[in-house]
Amino acid sequence: MKGILLAGGHGSRLHPLTLAVSKQLLPVNDKPMIYYPLSVLMLAGIREITIISTPHDLPQIRRLLGDGASLGLRLDYVEQPVPGGLAEAFILAADNIGDDPVALVLGDNVFHGHNFYEILQSAAHDVDGCVLFGYPVEDPERYGVGVTDAEGRLVSIEEKPARPSSNRAIVGLYFYDNDVIDIAKNLRPSPRGELEITDVNQHYLRRGKARLIDLGRGFAWLDAGTPSSLLAAGQYVSVLEQRQGVRIACVEEVALRMGFIDAEACERLGARLPASSYGAYVRSIAAELA
């Protein structure tokens, strides 16, 4: 399976913070925002990832992550000059996806929860159509929501419904079979001129090939795309990391635990950050798992 990390847009909801720096490079507690969605793809076992962003922001992101080799990854970079909708990502990354299934994650989404690794692994190895993820919210009228039958198959998707039939918002993480490329190429732009991910999902729904996994209670899904949600995400991560003594979305640790790199390589990554507590944590994990 291949991965797409969509880090486009202008971050206008975070202006003036994002006038000079990519939204995905803003800090969520002690690490750049982009580490969180990147770690999600890595936990799913995905090592070939296309990062899509604006011509302005892409060099900054490349400067941070490079070609991914130090993490045992292959990272490719593709420009999205103007926002063309989430579904445009599959067209832009088509050459990198090839004939494989693909996972798409949004660059400002933060996920954390028990057994997330197992959930991702199961979804990545069982893609027959599309696999979406639902999260219970108090205000479903603000989101696209999914309604399922007893077996978890989607029976309808409601986009910002006035009277929601479900409280499960569809989050910014999607798994698709390879048909998604042709589906995206044949979409018509919406009234706002974009290729909508909801139209892709509706296509799979009509074919009876859409499944929704309920992330449920005890799980955290945060969209860090506004000042208040960025602050909330940082506070959530800070509290958990301080209480538990572990790091959320430490990509070096994820790479080591997934077998993408060995302990020696992990130690070298930590040594590059000698003055930070983050670097000390990376080195401690390398020593623990050596």
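See the structure shown above.
Definitions and limits used
Residues numbered from 1 in each chain as written. Predicted model: local features only at pLDDT ≥ 70, side-chain atom pairs only at ≥ 80, totals over all residues. Heavy atoms only, no water. Helix = DSSP H or I, 4+ residues; strand = E, 2+ residues; numbered from the N terminus. Rg over C-alpha atoms; globule rule 2.2 N^0.38 Å. Buried < 20%, exposed > 50% of the residue type's maximum accessible area, 1.4 Å probe, protein only. Contact = heavy atoms within 4.5 Å. Polar contact = N/O pair within 3.5 Å; in protein donor to acceptor, adjacent residues only side chain to side chain. Lys, Arg positive; Asp, Glu negative; His and termini not counted. Salt bridge = Lys/Arg side-chain N within 4 Å of Asp/Glu carboxyl O. Core = buried A, V, L, I, M, F, W, Y, C linked by side-chain atoms within 4.5 Å. Expected span 1.5 Å × (residues − 1). Pairing = 2+ DSSP bridges. Axes fitted to C-alpha atoms, helices over the stretch in contact; angles between N-to-C directions. Parallel < 35°, antiparallel > 145°, perpendicular 65-115°, else oblique. Left-handed = near helix turned anticlockwise from the far one by under 90°. Nonpolar A, V, L, I, M, F, W, Y, C, P; charged D, E, K, R; others polar.

## Description of the overall build of the chain
Across its full length, the chain holds 11 helices and 13 strands. For a compact globule of 290 residues, the expected C-alpha radius of gyration is about 19 Å, and the chain comes in at 18 Å, within 12% of that figure. Of all 290 residues assigned to the chain, the portion counted as buried reaches 56%. Contacts in the chain between residues far apart in sequence, at least 24 positions, make up 74% of those at least 6 positions apart.

## Some remarks on the side chain of S39
Relative to the helices and strands, S39 resides in helix α1 (residues 35-43). S39 sits in the buried class, given a relative accessible area of 6%. A distance of 2.7 Å separates a polar atom in the side chain of S39 from the backbone oxygen of Y36.

## Focus: the side chain of E252
Inspection of the secondary structure assignment puts E252 in helix α9 (residues 251-257). Buried and without a salt bridge, E252 has R272 as its closest oppositely charged side chain, separated by 5.6 Å. Within the structure, E252 has its side chain in polar contact with the side chain of Y278 (distance 2.4 Å). With residues near it in sequence (within four places) discarded, E252 still touches Y35, L71, I261, C266, L269, Y278 and V282.

## Quick look at the nonpolar core
Ranked by size, the top nonpolar core spans 57 residues in total, and within it L5, L65, F111, F133, L173 and F175 carry the most contacts. With sequence-adjacent residues up to four places away left out, L65 is seen in contact with I34, Y35, L38, I51, L75 and Y77. Counting residues in each nonpolar core, the second largest holds 32 residues, with A87, L104, I170 and Y174 among its members.

## Notes on the pattern of salt bridges
Pairing is possible between side chains that carry opposite charge, provided their charged atoms lie close to one another. Applying the stated criterion across every chain yields a total of 19 salt bridges. Residue R13 pairs with D108 through a salt bridge whose shortest N-O separation is 3.9 Å. Placement of the pair is R13 in the loop between β1 (2-6) and β2 (27-28) and D108 in the loop between β6 (102-106) and β7 (109-113), with a sequence separation of 95 residues. Owing to a relative accessible area of 8%, D108 belongs among the buried residues under this scheme. Here E264 and R268 are joined by a salt bridge, their closest N and O atoms 3.5 Å apart. Taken together, the residues span about one helical turn, with E264 and R268 both in helix α10 (residues 263-271) at a distance of four residues. Linked through salt bridges whose partners overlap, the residues forming this network are R13, K23, D108 and D223.

## Remarks on helix α8 (residues 227-244)
Helix length check: α8, at 18 residues, gives a terminal C-alpha distance of 26 Å against a target of 26 Å (1.5 Å per residue), a fit within 8%. At its buried positions, α8 is contacted by β2, β3 (31-32), α1, β7 and β13 (219-223). At the exit of α8 stands G245, carrying a positive phi of roughly 75 degrees.

## Let's talk about the environment of I170
Relative to the helices and strands, I170 is located in strand β11 (residues 168-176). The buried category is assigned to I170, whose relative accessible area is 14%.

## Re the pairing of strand β9 (residues 144-148)
Counting buried positions along β9 yields five of five residues, so the element is predominantly enclosed. Along β9, one buried face is formed by G144, G146 and T148 and the opposite face, lined by V145 and V147, is buried too. Relative to strand β10 (residues 154-159), β9 is paired through five bridges, and the arrangement is antiparallel. When the sheet's bridge partners are listed, G144 is paired in β10 with E159.

## Section: the packing of α10 against helix α11 (residues 277-288)
Two elements in contact, α10 and α11, have axes separated by 8 Å at closest approach and are oriented at 165 degrees. The angle between α10 and α11 falls in the class roughly antiparallel. The two elements α10 and α11 meet at a crossing, and its hand is left-handed. Here A263, C266, E267, L269, G270 and A271 of α10 lie close against α11, whose contacting residues are G279, V282, R283 and A286. A per-class count over the contact of α10 with α11 returns six nonpolar, two polar and two charged.

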